[in-house]
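# Inside the fold
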Amino acid sequence: MADNPNPDIDLPETGDAPAAKPKRKGIKRRIFLAGSALLVGGGIFGVWWTDSSAKARATSLIGGEGKHAFGTVMTIAEDDTVTVFSPHIDFGQGSHTALGQMLADELDADWDKVRIDQAPADMAFANAALAKGFLPSMTGEFAAGLIPDAVIGMMARSMPLMITGGSSAIRFTGEVAMRRTGAAVRAALLAEAADRLGVSESELTTANSVVTHAKTGKSLRYGELAAGAAERSLASDPVLKTPDQWKLIGKPVFRRDIPAKVDGSAVYGIDFTLPDMRVATIAMAPVRGGKLDSVDEAPALAVKGVEKVVKLPDAVVVIAKGYWQAKKGLDALALKWSDGGNAAVSTPAIYAAQDKLRQTAEKPDNEGGVGDVDAAFGAAGVKLVEAQYRVPFLHHAMMEPFALTGHFKDGTLTLWGGLQDPLSTRVKAAKAAGLEVDQVVFNPMIMGGGFGRRFPDLVEIIDQVAVLAKQVPYPVKLVWSREEEVRHGTYRPQSSAGLKASLKDGQITAMRMDYAQSGNAEGEVPFIYAIPATSRRHYAYQSNQIDGPWRSVNATQIGFYTESFMDEAAAAAGADPYQFRRKHLAEGGRHQKVLDAVAKRAGWGSPLPEGVGRGIAIVESFDTIVAEVVEVTLKDDGSPRIVRAFAAVDCGTTINPLNAEAQIAGGLIMGLSSAMGEAVTLDKGAVVESNFGDYPILKLADAPPVVEVDFIDSGAKTGGIGEPGLPPASPALANALAALTGKRIRNLPVLTQAKA
Amino acid sequence: MKDGNFNQWGKPTVAIAFSVNGKPVSVEAEADTPLLWVLRDDLGMTGTKFGCGIAACGACSVHVDGAITRSCSVPVSDIAGKAVTTIEGLKNADGVLHKVQAAWIEAQVPQCGYCQSGQIMAAVALIEAVGTPTDAQIDEAMSNICRCGTYPRIRQAILNVAGFAADAEGAA
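Residues numbered from 1 in each chain as written. Chains lettered and ligands numbered in written order. Predicted model: local features only at pLDDT ≥ 70, side-chain atom pairs only at ≥ 80, totals over all residues.

Residue and element names in this part refer to chain A. Sheet architecture is open: five strands sit in the order β13-β21-β20-β19-β14, paired in mixed fashion. Each edge of the sheet is formed by a strand with only one pairing partner; in this case those strands are β13 (366-370) and β14 (383-391). Between one strand axis and the next, the sheet turns through 10° on average, direction left out of account. Sheet analysis places strand β19 (residues 495-504) next to strand β20 (residues 507-517), joined by nine bridges and oriented antiparallel. If you follow Leu 503 over to β20, its bridge partner there is Ile 508. Sheet strands in contact with helix α16 (residues 555-573) are β14, β19 and β20, and its direction is about 150° off that of β14. (Pairing = 2+ DSSP bridges. Helix = DSSP H or I, 4+ residues; strand = E, 2+ residues; numbered from the N terminus. Axes fitted to C-alpha atoms, helices over the stretch in contact; angles between N-to-C directions. Contact = placed C-beta atoms within 7 Å.)

Quick look at the structure:
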């Protein structure tokens, strides 16, 4: 790249490519790029991934003296260090390491010399692989296949897409970008080595970042070959390894981020500091939709260390020397707020309104299903089963409260913090500050959890810091208190549902679910049972709250409804819950295998100790099928304690089993936590809960001591791993409690059903 | 020169002396400032985390004279003359990880990692108190919140500690 005087000029066709080219296969295009190329051949088009200006820009950002860039994905330094740039944020799900494994395996790189960095928050790194992955859900598979990758890349930059979510990193970015880049760069290194050694490529082998010619014993390190290889064209459709050739994919590789997380050296967004930086904290209108009426700033300014009070339309910010001083200043203020006309909003009122909507709406807002449910319900000789369920708003409770640092200087707003989509963070900040996107720089940092809370579109702290930073000459870090975090969430929606099924000869002939909540789950959460007539009807209900994605999104509540009700139907049929599910799943299919695997591992049907109940559930989300068994007992105070938990998972291929197990077990525990005690409730339009005292998170003593996780390597397309462990947990718990006590829990959370 | 100590706004403050990870420190702070914010904002030691501010989550756990302490809810004036150990102080003088930290890596405990400083401090205090703990002792002592749900690996790491060399003698 260093030798190319004009990296913006690429030659996409074949003419000027160097002599030793990767082989062409079928109708493929290649690109020849001086120094920077990345190409993904999806389908027969095999066209561009990034356009020339994006590539040049990316190269300028990640390349450098002695470092040779390959597209927007990786560099090889002359000391053999391979740096992989992840467009995804890693907030603990381990995808950085897994993405590195995928690329390094195809590259035959020495894993000890591979590092994984966060891609800069620059348009050049917009994630085309992600657009490609999600496209079928927007346009249908067929149409998606007809859109050239160059256009997809442009779409990714225009969105702009650098998001982390939808359990997408491995499914899309890993499979599409990382593996192909690794393979294509390896091919270019081979070609370069063949030229240098004057031998045929077929006589060369690669391993541990070295190309070797066995006949002569000569070898060249990747670092020696990088400069030349980076000048070569990259194949659009390189030959990928078969699973038996994998050395890193599928292996229990240690995560790269963990050492800094055990010695306190990892710097999260909230830890960031600058000379002369001030710290601010905020109080927002207690009722969502309300505004600041009035405030006398004097009491805050009288607190030692407080420097400034800033009024926003719906919030007050106190800026001080440190967080404690800012908090003391804020606490000293008498704040008056309006309620935006939402004073009548309450948790019971929302449930009542949802019930009424489901019963009286002329038609649903969305509908999915097959067959004639009403005819089946009316058929002679059927037994009808009905049940109503309710689940509350849920708080994400990421352990790191929101914190974002901003500094406006010389016309540029620079931000430091952890957010899920670095590119749209810039766009949102620019809009709030009245700047052009080019005037905003965002430095992504490590995040202390996210679980869906850090999607920039719903993150108000971006706007708050953008406005704040423009009003002060120094850098300012705004930190939300836990109380503000709990009371101003973008919650998993409060939701309710009525289910009905008809049974004949122990078989479900039809099933219907009517559910009321803000978001539509049709097209997102698949219905997995082979039942002749099914119907799911969505009734859109919006309260004054902002509903957002919460780990596994709609699969949590839809999974709870469906899988609780399957147990109720099994009970009505006098059948065993496992066998009943089994016979309603396609014979020999992936779902049945997953269900069988968890039943086998848990010893389903074997006698349990006195006072222990067992429950099962299976949910598919993000292309991954997870079945779980939970065993529960009651403590002296009558509250549940989880004794054992099991999960079986089919996510196609497991990239890093060590990390995948942690994700599934963690998801299961978060699901149990939410079912057990978590609820955000509303009274007079405001959130009642305020901190972990009244929003209890499951602790170690009540969590399963061990979660046994089995993976089924089906070879199906790679599914997500960060979210799908969660949805089966809450119905498995409710089913276990019903088995133990005979009492069916239809309203969550378990511990405070009275609130519903 | 005025007599006494003043902060940058010219207001009088009190100098409070204690030690952090074996080093003596003296901070100019108001008496009610929680130890957490003195560590983070005044001393720039950010390994100790803010999670809730009400001693409910344990992310801010440190040792004060060897006892596990939730630093968000202890005024710095109570710390005068005492010895504070934070996550940054667990390694020995040669930079070798404490056996609990090593066990955390071996069991691949952290996910987001934000709560893990506090979890490790709690585990170190437990192991120093009882040696090899029982499951019941782990249940009782490990009351810190982890939203990622790393509890099974936390338990495993603690049970594994006996398998690691005590290579951080003198630490914590």
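Having seen the model, we can carry on.
Interface size is often expressed as the accessible area that is lost when the parts come together. Residues and elements named next belong to chain B. Taken domain by domain, chain B comprises domain 1 (14-86) and domain 2 (99-163). Once you take the C-alpha centre of each, domain 1 and domain 2 turn out to be 21 Å apart. At the interface, twelve residues of domain 1 touch ten residues of domain 2. Per-element tally for the side of domain 1 that touches domain 2: the top contributor is strand β3 (residues 61-64), with three residues. Classifying every residue of the side of domain 1 that touches domain 2 by side-chain character gives five nonpolar, six polar and one charged. (Domains from an automatic or database assignment. Nonpolar A, V, L, I, M, F, W, Y, C, P; charged D, E, K, R; others polar.)

Turning to helix α1 (residues 35-42) of chain B, a few remarks are in order. Because each turn of an α-helix spans 3.6 residues, side chains separated by three or four positions end up pointing in the same direction. Here α1 of chain B lies mainly inside the structure; seven of its eight residues are buried. All of the buried residues in α1 of chain B are Leu 35, Leu 36, Trp 37, Val 38, Leu 39, Arg 40 and Asp 41 of chain B. If you follow the buried residues of α1 of chain B, they end up packed against β8 (278-284) and α10 (323-331) of chain A together with β2 (23-29) of chain B. Gly 44 of chain B occupies a position one or two residues after α1 of chain B and carries a positive phi of about 70°. (Buried ≥ 20, exposed ≤ 12 C-beta atoms within 10 Å, placed from the backbone.)

Further remarks concern the packing of α16 of chain A against helix α20 (residues 729-741) of chain A. Residues and elements named next belong to chain A. With their axes 8 Å apart at the nearest point, α16 and α20 run at an angle of 30° to one another. As the angle between them shows, α16 and α20 are arranged roughly parallel. When you trace α16 past α20, the crossing you get is right-handed. On α20, the residues touching Thr 556, Gly 559, Phe 560, Glu 563, Ser 564 and Asp 567 of α16 are Ser 730, Pro 731, Ala 734, Asn 735 and Ala 738. (Parallel < 35°, antiparallel > 145°, perpendicular 65-115°, else oblique. Left-handed = near helix turned anticlockwise from the far one by under 90°.)

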